[in-house]
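Listed below, chain by chain, are the residues.
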Amino acid sequence: MPATQTITIFDGLEIKVEPVEEPDPVYFTSDEPEFNIHLRNNDAEYEFSEGSALLWTIETNPMQVVHSGEVEFGPLDHGEETTVTVGGKVLAYEGHGVLGVASGASGTNDSHRWELNAGRRNSADPAYSFSVWDESDYNASIRRPKRMQLAMVGTSVILIVFALIQILLAMGVFG
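Let me begin by describing the structure that accompanies this report. Everything numeric in this text was worked out from a predicted model, so none of it was measured.

## Some words on the layout of surface pockets
Over the atoms a probe the size of a water molecule is rolled, and this reveals where empty space is left.
Consideration 1: Of the volumes computed, that of the largest pocket is approximately 150 Å³.
Consideration 2: Every residue along the wall of the largest pocket is listed here: V20, E21, E22, P23, D24, V26, Y27, D31, E32, P33 and E34.
Consideration 3: Taken together, the residues that form the lining of the largest pocket break down as five nonpolar, no polar and six charged.

## A few points about the sheet that holds strand β3 (residues 13-19)
Consideration 1: Strand order in the open sheet made by the four strands is β2-β3-β5-β9, with antiparallel pairing throughout. Each having just a single partner strand, β2 (7-9) and β9 (81-87) make up the two edges of the open sheet. Recorded for the sheet is a direction-independent mean angle of 25 degrees between the axes of neighbouring strands.
Consideration 2: Where strand β5 (residues 34-41) meets β9, seven bridges bridge the pair, whose relative direction is antiparallel.

## Focus on unusual backbone geometry
Peptide bonds are mostly trans, and most non-glycine residues show a negative phi.
Consideration 1: In this structure, the amide linkage connecting D24 to the following residue, P25, adopts the cis form with an omega of -15 degrees.
Consideration 2: Tracing the sequence through the fold places P25 in the loop between β3 and β4 (27-28).
Consideration 3: With a phi close to 50 degrees, D11 is a non-glycine residue in the positive phi region.
Consideration 4: Along the chain, D11 falls in the loop between β2 and β3.
Consideration 5: A relative accessible area of 64% means that D11 is categorised as exposed.
Consideration 6: A positive phi angle, close to 55 degrees, is found at D43, a residue other than glycine.
Consideration 7: Within the secondary structure layout, D43 lies in the loop between β5 and β6 (47-48).

## Notes on a negative patch on the surface
Consideration 1: Residues E50, E70, E72 and E115 make up a contiguous surface patch of negative charge.
Consideration 2: Along the chain, the position of E72 falls in strand β8 (residues 64-73).
Consideration 3: Overall, the relative accessible area of 60% leaves E72 in the exposed class.

## Things to note about the side chain of S129
Consideration 1: Within the secondary structure, S129 sits in strand β12 (residues 125-133).
Consideration 2: Its relative accessible area of 13% is what places S129 among the buried residues.
Consideration 3: For S129, the contacting residues outside a window of four places in its chain are P2, A3, H96, G97 and V98.

## A closer look at the nonpolar core
Consideration 1: Judged by nonpolar contacts, the single largest core of 29 residues is most densely connected at I15, F35, I37, L39, L54, L99 and F130.
Consideration 2: Counting residues per element, this core draws most heavily on β12, which supplies four residues.
Consideration 3: Once residues within four sequence positions are removed from consideration, L99 is found in contact with V17, F35, T57, I58, V86, D125, P126, A127, Y128 and F130.

## Observations concerning the packing of aromatic side chains
Consideration 1: Counted according to the given criterion, the structure contains 10 aromatic pairs.
Consideration 2: With 5.9 Å between their ring centres and 55 degrees between their planes, F10 and F48 make a pair best called tilted. Of this pair, F10 sits in the loop between β2 and β3 while F48 sits in strand β6, and the two are 38 residues apart along the sequence.
Consideration 3: Measuring from ring centre to ring centre gives 5.6 Å for F35 and F130, while their planes differ by 25 degrees; the resulting arrangement is stacked. Of this pair, F35 sits in strand β5 while F130 sits in strand β12, placing them 95 residues apart in sequence.
Consideration 4: The exposure class of F35 is buried, given its relative accessible area of 0%.
Consideration 5: Aromatic ring contacts, followed pair by pair, group F10, Y46, F48 and W114 into a single cluster.

So, how was this worked out
- Residues numbered from 1 in each chain as written.
- Predicted model: local features only at pLDDT ≥ 70, side-chain atom pairs only at ≥ 80, totals over all residues.
- Heavy atoms only, no water.
- 1 Å grid on protein atoms, 1.4 Å probe; cavity = no way out; pocket = protein on both sides within 12 Å on 5 of 7 lines; lining within 4 Å.
- Points joined across faces, edges and corners; volume = space filled by probe spheres on them.
- Nonpolar A, V, L, I, M, F, W, Y, C, P; charged D, E, K, R; others polar.
- Pairing = 2+ DSSP bridges.
- Helix = DSSP H or I, 4+ residues; strand = E, 2+ residues; numbered from the N terminus.
- Axes fitted to C-alpha atoms, helices over the stretch in contact; angles between N-to-C directions.
- Buried < 20%, exposed > 50% of the residue type's maximum accessible area, 1.4 Å probe, protein only.
- Patch = residues over 30% accessible without salt bridge, like charges linked within 9 Å, V, L, I, M, F, W, Y side chains within 5 Å.
- Areas by Shrake-Rupley, 256 points an atom, 1.4 Å probe, with all protein chains shown as cover.
- Salt bridge = Lys/Arg side-chain N within 4 Å of Asp/Glu carboxyl O.
- Lys, Arg positive; Asp, Glu negative; His and termini not counted.
- Charge placed at Lys NZ, Arg CZ, Asp CG, Glu CD.
- Contact = heavy atoms within 4.5 Å.
- Core = buried A, V, L, I, M, F, W, Y, C linked by side-chain atoms within 4.5 Å.
- Phe/Tyr/Trp six-rings, centres within 6.5 Å; stacked < 30°, edge-to-face > 60°.

In structure tokens:
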């Protein structure tokens, strides 16, 4: 199951990630999911100027970077929010996936408007996690066993009904 967390930096800049389309029920290695990164300035320490950016990464275990990039936004004043969309590339590797974001800020001490800069890949905070399967592995491990269980339940119900009919015939209820 996917998991998400809100990341708060600079005492009030909230970053939350959600998929554009929810996985059904997981992502496959051939999928090209897109994610919305919601940024909200809830009275952060600074207001952020035009041209601010953050680094986003999609990684699979163990810490294998599949995709990364910078996305620009701004300006983002107190109380404002914006959404940027990232991703759209094939996932390629199976495992546990994580979309992380990394940022830093630069500006002058006497200014309340700073520029948010993309951070380093190894400092990315995990914002959204998900499962990535090879579709043939998923079919063999999850879908086929479920179908087999349903078939076994159906067969059991038919056998029980047949046995009840035989017992009732033997007791003379239908004869």
